[in-house]
Amino acid sequence: QVQLVESGGGLVQPGGSLRLSCAASESIARFYHMRWYRQPPGKQRDLVAHIASGGSTFYADSVKGRFTIFRDGAENTLYLQMNSLKPEDTAVYYCKAGTSSGIDYWGQGTQVTVSS
């Protein structure tokens, strides 16, 4: 069973930065894609950023130009660099890894709070 462990969340002031990490228990090279989602309080979980096995990326309009998704194969870790954070970025952030056979693995989530 693949395990994904997120870290790096916390409290940050508006305009600040955070880097989230998602450490996988197996080689991330096996995944067809990896994604970051977020779920604000009382709202649904939405896609934030996606990176395909070939390296192509996709971002939600709300984070485009501020967030960057990237991965380190040597460390089996997915990252989300978040800059110019806004209060509306407050949410629990989850990473997901998907295989080509349609199996998805989720992490437990990490809380990000943007507040002064």
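Scroll up to find the structure.
The notes below deal with the structure included here. (Residues numbered from 1 in each chain as written. Predicted model: local features only at pLDDT ≥ 70, side-chain atom pairs only at ≥ 80, totals over all residues. Heavy atoms only, no water.)

Here T99 lies in the loop between β9 (91-98) and β10 (104-106). Here S101 takes part through its side chain, which lies 3.0 Å from a polar atom of the side chain of T99. Not counting residues up to four positions away in its chain, the partners in contact with T99 are R30, F31, Y32 and Y105. (Helix = DSSP H or I, 4+ residues; strand = E, 2+ residues; numbered from the N terminus. Polar contact = N/O pair within 3.5 Å; in protein donor to acceptor, adjacent residues only side chain to side chain. Contact = heavy atoms within 4.5 Å.)

Burial within strand β5 (residues 46-52) is extensive, with five of its seven residues counted as buried. When strand β4 (residues 33-39) meets β5, the two strands line up antiparallel, connected through six bridges. Pairing of R38 across the sheet is with D46, part of β5. In this antiparallel pair of consecutive strands, β4 and β5, the connection spans six residues, and G42 shows a positive phi of 75 degrees. Relative to strand β6 (residues 57-59), β5 runs antiparallel, the two sharing three bridges. When the sheet's bridge partners are listed, H50 is paired in β6 with F58. Connecting the antiparallel pair β5 and β6 is a turn made up of four residues, with G55 showing a positive phi of about 105 degrees. (Buried < 20%, exposed > 50% of the residue type's maximum accessible area, 1.4 Å probe, protein only. Pairing = 2+ DSSP bridges.)

Our next topic: the environment of D104. In this fold, D104 is placed in strand β10. As a C-alpha pair, D104 and M34 span 70 residues in sequence and 9.4 Å in three-dimensional space. Look past the residues within four positions of D104 in its chain and what remains in contact with it is H33, K96, A97 and G98.

Attention now moves to the side chain of H33. Secondary-structure assignment places H33 in strand β4. Residue classification places H33 among the buried residues on the basis of a relative accessible area of 10%. When residues no more than four places from it in sequence are discounted, the contact partners of H33 are H50, I51, A52, K96, A97, G98 and D104.

The values reported here are purely geometric and, on their own, carry no functional implication.
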